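Coordinate analysis (summary)
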Amino acid sequence: MSDERISATRLVPVDPEAIRSVLSDPDGHVAIDASGMLQGATGRRVSSVGDSFIVHMDREALGDLPMGRYDVTVIITRHDPGGVEWTIHGTVKPPIGHVWGYELEPADEGGTRVTSYCDWSDAAPEWKPIFPVVGETALRASLGLLERAVVRGYPRPASATD
């Protein structure tokens, strides 16, 4: 682990494709958010690098910056059997340059070893001091929420389409 990356790992008792399905759904991102910042999403399911969707954020959930409600664009930077990764374009111009992601590795004992991470090694130098915005505890919690979402499902707005 570098000084510019945090991660957490959990064995989830489903195949990697079931997990990728949740990670490809904008509403799936809202369902597994442990920070409380993701309030909703707009857009279609993603399937390849360059795809994007909008997430409706509420920074007041963290209580660290008085940003209130705002939108960000999630842009997929990796989407393959081994994982899903994205960067954020939002109110900061140029974008900060960090990535969030999930690595998926089939486990010998069954299921998938899932690693959630945030990496800010390519972030603009002036933004590096704000990281990590959420800690390893939140990453671990998101993995629990991911397992629940994959196993039990999660709410989706009636207007959501794939």
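The numbers attached to residues start from 1 for each chain and follow its sequence in the written order. For a predicted model such as this one, the threshold for reporting local features is a pLDDT of at least 70, and the threshold for listing and counting side-chain atom pairs is 80 or more; totals across whole chains, interfaces and linings nevertheless cover every residue. Calculated side-chain values reflect all of the structure's heavy atoms, with hydrogen atoms and water omitted.

**Section: the pattern of salt bridges**
In the sections that follow, a salt bridge refers to a side-chain nitrogen of Lys or Arg positioned within 4 Å of a carboxyl oxygen of Asp or Glu. Considering all chains together, one arrives at 11 salt bridges under this definition. Close ionic contact of Arg156 with Asp25 constitutes a salt bridge, the shortest N to O distance being 3.1 Å. Of this pair, Arg156 sits in the segment after α3 (136-152) while Asp25 sits in the loop between α1 (16-23) and α2 (26-32); the two residues are 131 residues apart in sequence, bridging distant segments of the chain. Only protein chains enter the calculation, and the probe is 1.4 Å; a residue is then buried if its accessible area is under 20% of its type maximum, exposed if over 50%, and partly exposed in between. The class of Asp25 is buried, set by a relative accessible area of 1%. When the shortest N-O distance is used, the salt bridge between Arg78 and Asp80 registers 3.1 Å. Classification of Arg78 as partly exposed rests on a relative accessible area of 24%. Helix numbering and strand numbering both begin at the N terminus, where a helix is a DSSP run of H or I of at least 4 residues and a strand a DSSP run of E of at least 2.

**Side note on the packing of aromatic side chains**
Whether two aromatic rings pair depends on their centres lying within 6.5 Å, for rings of Phe, Tyr and Trp, where Trp uses its six-membered ring; planes under 30 degrees apart make the pair stacked, over 60 edge-to-face, and the rest tilted. Inspection of every chain in the model, using the stated rule, returns 2 aromatic pairs. Measuring from ring centre to ring centre gives 6.1 Å for Trp86 and Tyr102, while their planes differ by 25°; the resulting arrangement is stacked. You can see Trp86 sitting in strand β5 (residues 83-89) and its partner Tyr102 sitting in strand β6 (residues 99-106), a full 16 residues away along the chain. Relative to Phe131, the ring of Trp120 lies with its centre 5.3 Å away and its plane at 10°, an arrangement referred to as stacked. Taken together, the positions of Trp120 in the loop between β7 (112-119) and α3 and Phe131 in the loop between β7 and α3 put the pair 11 residues apart, joining distant regions of the chain. Judged by relative accessible area, Trp120 falls into the buried class, the value being 5%. Look at Phe131 and you get buried, because its relative accessible area is 10%.

**Describing the packing of α1 against α3**
Fitting a line to C-alpha atoms yields each axis, with helices limited to the stretch in contact; the angle taken between N-to-C directions then spans 0 to 180 degrees. Running from N to C, α1 and α3 point in directions that differ by 105°, and their axes come no closer than 10 Å. As far as their axial angle goes, α3 and α1 are roughly perpendicular. Mapping the contact onto sequence places Ala18, Ile19, Val22 and Leu23 in α1 and Leu146, Ala149 and Val150 in α3. Across the contact of α1 with α3, the residue classes tally to 7 nonpolar, no polar and no charged. Angular relationships are summarised with four words: roughly parallel below 35 degrees, roughly antiparallel beyond 145, roughly perpendicular across 65 to 115, and oblique for the angles in between. Between two residues, a contact is recorded if the distance between any of their heavy atoms is within 4.5 Å. Note on residue categories: nonpolar means Ala, Val, Leu, Ile, Met, Phe, Trp, Tyr, Cys or Pro, charged means Asp, Glu, Lys or Arg, and polar means any other residue, Gly included.

**Brief notes about the sheet that holds strand β2 (residues 38-42)**
Taken together, 7 strands build an open sheet; the order of strands is β1-β7-β6-β5-β4-β3-β2 and the sheet is antiparallel. Looking at the sheet topology across the chains shown, the edges are occupied by β1 (5-12) and β2. Going across the sheet, the axis of each strand differs from the next one's by a mean of 25°, ignoring polarity. Bridge analysis of strand β3 (residues 52-58) against strand β4 (residues 69-80) gives 7 bridges, and the strand direction is antiparallel. Bridging from a neighbouring strand, Ser52 pairs with Ile75 of β4. The sheet contacts of α1 involve β1, β4, β5, β6 and β7, and relative to β6 the element is tilted by about 160°. Of the strands in this sheet, β1, β6 and β7 are in contact with α3, which crosses β1 at around 30°. Note on pairing: two strands pair once DSSP finds at least 2 bridges between them.

**Observations regarding the side chain of Glu147**
Note that Glu147 resides in helix α3. At 3.0 Å, the side chain of Glu147 and the side chain of Arg10 are in polar contact. Between N or O atoms, a polar contact is any pair within 3.5 Å; within protein, one atom must be a potential hydrogen donor and the other a potential acceptor, and residues adjacent in sequence are included only when both atoms are from side chains.

**With respect to α3**
Side chains of residues three or four places apart in an α-helix project in the same direction, reflecting 3.6 residues per turn. Under the convention used throughout, the expected extent of a helix is 1.5 Å for every residue step, that is, one less than its residue count. With 17 residues, α3 ought to run about 24 Å at 1.5 Å a step, and its terminal C-alpha atoms sit 24 Å apart, in line with that. Burial in α3 covers these residues: Ala138, Leu139, Ser142, Leu143, Leu145, Leu146, Glu147, Ala149 and Val150. Its buried side turned inward, α3 meets β1, α1, α2, β6 and β7.

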